[in-house]
Amino acid sequence: MDTAPSAQPATTTPAVANRRRVATAAALASAVEWYDYFVFGIAAALVLGDLYFPAGSTTAGVLASFATFAVGFLARPIGGIVAGHLGDKRGRKPMLVLALTLMGVATTGIGLLPTYATIGVAAPILLVLLRVAQGVAVGAQWGGAMLLATEYAPEGKRGVYGSVVQLGVPIGVVTANTVFLLAGALTTDSAFTSWGWRVPFLVGLLVLALAWYIHTRVEETPAFREAERALAEKEKSEQNSPLRTILRGHLGTVLLAGGSFAVNTATFYILITGVLDYTTRELDMKKSAVLTVSLCVSLTQLVLIPASAALSDRVGRIRIYALGAVGIALWAVPLFLLIDTGSLLWLAVGTFVASCFLSIMYGPQAALFAELFTPEMRYTGASLGYQIAAVAGGGLAPFMMVLLLEATGTSMAVSGYIIVLSVIALVSIKILADRARAAEAQAESETTAGSAS
């Protein structure tokens, strides 16, 4: 069975102060990493199409910009595979530090990159390469930050501790939107297009300071140290490769994890990038107003994510996770009916309810994915599952949204896209739940047989 027990390995219990320091560092790492990642999505919806992909059609420029946005998602499994393998062999902390450093350098590079008008075709090529670097970095980061938090968690609180990493997403969204709003408010439209949009990217330099802090002040996780000692007792061979172990014996679990989460990532990126483009370009809504709504909705996730994670510690991960997926499916059509009114109020209502269901899924997700794999292959397995979902859902979602709108002329096509992904999620969750129940039954049978003998 692929599901690892929830209890922590038998190691020295970390001090409360150390747990808090690690949890804070993991949350900050996630927040700054996602901030850097999200500023690209916002810029892609607002300015990058015209600056780096000049074309005869605005739609073509937006599609090219969103395609570059998607490239970052295609690179995320590479980061997950490399960092997962090394993270399971060498430690969680070094990979997290490396991911933060790469993200800081790539984001700053985008902020300094000349446009197509200045250096021609080299501009979009370099933009794509820097976006690939961002994708590799975030693919490597999530597993490291998630495991720092969950593997330091006291027994019975893995969901809550994992949720501090998940909070990095709404914090990143809020911060990215706030910085863009300030940049737009403090500059004229021409100044924003010329240089104001670069300011949010240059803030990425701060991530390097956090990387240094984690490198010097945060200790490796107890679960990894225990797994490392166990591996040290075995001869180092090809069989000890976490990636090989995953591909040979646990690939089904990885794919099911990815299938269960694709709807969450797709809907999330539709809300924060696709809807921003759609409402400003097609519905003539004000950019600053839409960004403000996105910011306020993201603030509510700061409460809902840890609340759903805490509930999952009490009633189980799968039950809460599935509830969120059902809610997303049921709300997909009302969401776009409200958005299509062109009313800021109904936009807020529609995206708020959708965000609630996303939060219900997202809260327990880190702990759920961590518990699907044993410590010696946990970084690799959890990262791969998450990044497969990111590619299948999040990376393509804004691009697919524009294509569906252009091809059908109705936003109901986007609702249909979300519903299909919801069905895939619910089927994947059902199979994972059945496997978990079968494993529990087998464990009870073996315990009974052992007692009888």
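About the thresholds
Residues numbered from 1 in each chain as written. Predicted model: local features only at pLDDT ≥ 70, side-chain atom pairs only at ≥ 80, totals over all residues. Heavy atoms only, no water. UniProt positions renumbered as here; feature names shortened; annotations may be inferred. Axes fitted to C-alpha atoms, helices over the stretch in contact; angles between N-to-C directions. Helix = DSSP H or I, 4+ residues; strand = E, 2+ residues; numbered from the N terminus. Parallel < 35°, antiparallel > 145°, perpendicular 65-115°, else oblique. Left-handed = near helix turned anticlockwise from the far one by under 90°. Contact = heavy atoms within 4.5 Å. Phe/Tyr/Trp six-rings, centres within 6.5 Å; stacked < 30°, edge-to-face > 60°. Buried < 20%, exposed > 50% of the residue type's maximum accessible area, 1.4 Å probe, protein only. Patch = residues over 30% accessible without salt bridge, like charges linked within 9 Å, V, L, I, M, F, W, Y side chains within 5 Å. Areas by Shrake-Rupley, 256 points an atom, 1.4 Å probe, with all protein chains shown as cover. Salt bridge = Lys/Arg side-chain N within 4 Å of Asp/Glu carboxyl O.

- With an unreviewed UniProt entry as reference, the protein is termed MFS transporter, source organism Streptomyces iakyrus.
- Database annotation for the protein, UniProt heading Subcellular location (unreviewed entry): "Cell membrane".

1. Details of the packing of helix H13 (residues 251–281) against helix H14 (residues 287–315)
Then, number 1: It is at 9 Å that the axes of H13 and H14 come closest, and there the two elements cross at 165°. Taken together, H13 and H14 sit at an angle that is classed as roughly antiparallel. The crossing of H13 and H14 is right-handed. Touching Phe268, Ile272, Leu276, Thr279 and Thr280 of H13 are Lys287, Val290, Leu291, Ser294 and Gln301, all from H14.

2. Details of the packing of aromatic side chains
Then, number 1: Within this structure, the stated rule accounts for 7 aromatic pairs.
Then, number 2: Aromatic side chains Phe268 and Tyr269 sit 5.1 Å apart centroid to centroid with 85° between the ring planes, which places their arrangement in the edge-to-face category. Here Phe268 matches Tyr269 in class, with each residue buried.
Then, number 3: Among the aromatic side chains, those forming a connected cluster through ring pairs are Phe261, Tyr362, Phe369 and Tyr386.

3. Focus on a nonpolar patch on the surface
Then, number 1: A contiguous nonpolar surface patch, about 530 Å² in accessible area, is contributed by Tyr116, Ile119, Val121, Ile125, Leu126 and Leu129.
Then, number 2: Secondary-structure elements contributing two or more residues to the nonpolar patch are helix H4 (116–119) and helix H5 (122–150).
Then, number 3: Broken down by element, the residue count for the nonpolar patch peaks at 3 residues, all from H5.
Then, number 4: Inspection of the secondary structure assignment puts Val121 in the loop between H4 and H5.

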